[in-house]
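So the chains spell out like this:
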Amino acid sequence: MVSGNSASSSSLSMKSDEDIVNNNNNLRVLVVDDSPMIRKLHDMYLKKFGLKVQVAENGKQAVDLFHFGASFDLILMDKEMPIMDGEEATKELRTMGVTSMIVGVTSLDSPNEKQAFMEAGLDYFFTKPLTTDNISFILQELNKKNNKN
């Protein structure tokens, strides 16, 4: 499932994976998830698209990275994590002025929880694990955003 900015995977004009890889060689992605399996899976998928990937185990680690001067073009943020959850981390990052695209990724299916997560400052929301089609869509949207700036 995808939410946010009227995203619909059925209405996508998909570029080839090769085109997407060639456009993203310098993009940096932060994967924030407490599940080692999900971190590894998303890391593997993202690297297939030519992205530079860093991982964090919880929202506090993600916020700390930005406090120490790190920057990322894209953040994949899990909702439920120990220490600092994704909703709190997203709010904190937005309060700090972080303008990176933040995509919520969670296994939760409650409409109220999804809405609260989106309102924290997400650009998009997907049910995990992400698929290569999801990643293609996210990267196309990120490229559109970057081309506007």
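Residues numbered from 1 in each chain as written. Predicted model: local features only at pLDDT ≥ 70, side-chain atom pairs only at ≥ 80, totals over all residues. Heavy atoms only, no water.

With an omega dihedral of 5°, the bond running from Lys128 to Pro129 counts as a cis peptide bond. With respect to the helices, strands and loops of the structure, Pro129 is situated in the loop between strand S6 (124-127) and helix H6 (132-148). In this model, Ile83 sits at a positive phi of 70°, which is unusual for a non-glycine residue. (Helix = DSSP H or I, 4+ residues; strand = E, 2+ residues; numbered from the N terminus.)

The next thing to look at is helix H3 (residues 59-67). Regarding H3, the residues found buried are Gly59, Ala62, Val63 and Phe66. Take H3 and look down its axis: the buried residues cluster within an arc of 95°, on one side only. Residues of H3 that are buried sit in contact with strand S2 (28-32), strand S3 (52-56), strand S4 (74-78) and helix H4 (86-95). Capping of H3 at its N-terminal end is provided by Asn58; its side-chain oxygen lies 3.0 Å from the backbone amide nitrogen of Lys60. Trailing H3 by a residue or two, Gly69 shows a phi angle of about 100°, which is positive. (Buried < 20%, exposed > 50% of the residue type's maximum accessible area, 1.4 Å probe, protein only. Arc of directions from axis to C-beta. Contact = heavy atoms within 4.5 Å. Polar contact = N/O pair within 3.5 Å; in protein donor to acceptor, adjacent residues only side chain to side chain.)

Let us now look at the pairing of S6. With four bridges joining them, strand S5 (residues 101-106) and S6 adopt parallel strand pairing. The residue bridging Gly104 from the neighbouring strand is Phe125, located in S6. As a crossover connection, the stretch from S5 through helix H5 (residues 111-119) into S6 is right-handed. (Pairing = 2+ DSSP bridges. Right-handed = clockwise from strand over helix to strand, strands pointing away.)

Turning next to the UniProt feature "modified residue: 4-aspartylphosphate" (unreviewed entry) in the chain. The feature "modified residue: 4-aspartylphosphate" (unreviewed entry), as given by UniProt, occupies Asp78 in the numbering adopted here. Tracing the backbone through its elements, the reader meets Asp78 in strand S4. Residue classification places Asp78 among the buried residues on the basis of a relative accessible area of 3%. Excluding residues within four positions of it along the chain, Asp78 makes contact with Val32, Asp33, Asp34, Gly86, Val105, Thr106, Phe117 and Lys128. (UniProt positions renumbered as here; feature names shortened; annotations may be inferred.)

Moving on to the packing of H3 against H4. One can describe the packing of H3 onto H4 by two numbers: an axis separation of 8 Å at closest approach and a directional angle of 15°. Classed by the angle they form, the pair H3 and H4 counts as roughly parallel. Regarding H3 and H4, the two cross each other, and that crossing is right-handed. Of the residues in H4, those in contact with Gly59, Ala62, Val63, Phe66 and His67 of H3 are Ala89, Glu92 and Leu93. Grouping the amino acids of the contact of H3 with H4 by side-chain chemistry returns five nonpolar, two polar and one charged. (Axes fitted to C-alpha atoms, helices over the stretch in contact; angles between N-to-C directions. Parallel < 35°, antiparallel > 145°, perpendicular 65-115°, else oblique. Left-handed = near helix turned anticlockwise from the far one by under 90°. Nonpolar A, V, L, I, M, F, W, Y, C, P; charged D, E, K, R; others polar.)

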